[in-house]
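Below are the chains, spelled out letter by letter.
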Amino acid sequence: MSTYTVQAKRWARGWELHIVDADGTEVGATQSHTIAGADRMVRDYLALLYDADPAGFEFEIHPDLGAGVAAEVEQARSATREAEQAQKDAARRWSALARHLKDGVGLTGGDVAAVLGVSPQRVSQLMKPAG
């Protein structure tokens, strides 16, 4: 499966979509009225160009929004990834703590719930093996 990069540039009627292959060679360009519709337009273009299934192409679309806006978008994405990781880490810590209180300290499920400030049902969820 070939991988492409699409440089999306705004213009008066939407977006110009410049398609570049893995070697850095521009293979063509198409247009879309919206960036949301760019995926379909690129797939259709590549499918016609190579007489192939539109689903058989992988690509990333990079909208040209200017350096300042692009940096803001990346910072927001990075903050979201960090928050998701922090949430996963916190969930693991809660589960480990619930198991320690029950198995290590010997508290009942109800006591674990009271200590942690959660419901007994939440303690049951925390005690389940990670899956």
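Here the structure is a predicted model, which means the values were calculated and not measured.

Draft legend 1. Layout of the packing of helix α2 (residues 67-104) against helix α3 (residues 109-116). Direction vectors running N to C along α2 and α3 enclose 130 degrees, while the axes themselves pass 9 Å from each other. The angle between α2 and α3 places the two elements in the oblique class. When the axes of α2 and α3 are compared, the crossing they make is right-handed. Note on element contacts: α3 touches α2 through G109, V112, V115 and L116, opposite W94, L97, A98, L101 and K102.

Draft legend 2. A look at the nonpolar core. By size, the foremost hydrophobic cluster in this structure holds twelve residues: Y4, V6, A8, W15, L17, I19, A38, V42, L46, A47, F57 and F59. Mapped onto this core, the elements with two or more residues apiece are β1 (3-11), β2 (14-21) and α1 (38-50). Examining the composition of this core, we find that four residues originate from one element, α1, more than from any other. In this structure, V6 is in contact with L17, H18, I19, V42, F59, E60, I61 and H62, ignoring residues within four places of it in sequence. By size, the runner-up hydrophobic cluster in this structure holds seven residues, among which are L101, A113, V123 and L126.

Reading the values: the criteria
- Residues numbered from 1 in each chain as written.
- Predicted model: local features only at pLDDT ≥ 70, side-chain atom pairs only at ≥ 80, totals over all residues.
- Heavy atoms only, no water.
- Axes fitted to C-alpha atoms, helices over the stretch in contact; angles between N-to-C directions.
- Helix = DSSP H or I, 4+ residues; strand = E, 2+ residues; numbered from the N terminus.
- Parallel < 35°, antiparallel > 145°, perpendicular 65-115°, else oblique.
- Left-handed = near helix turned anticlockwise from the far one by under 90°.
- Contact = heavy atoms within 4.5 Å.
- Core = buried A, V, L, I, M, F, W, Y, C linked by side-chain atoms within 4.5 Å.
- Buried < 20%, exposed > 50% of the residue type's maximum accessible area, 1.4 Å probe, protein only.

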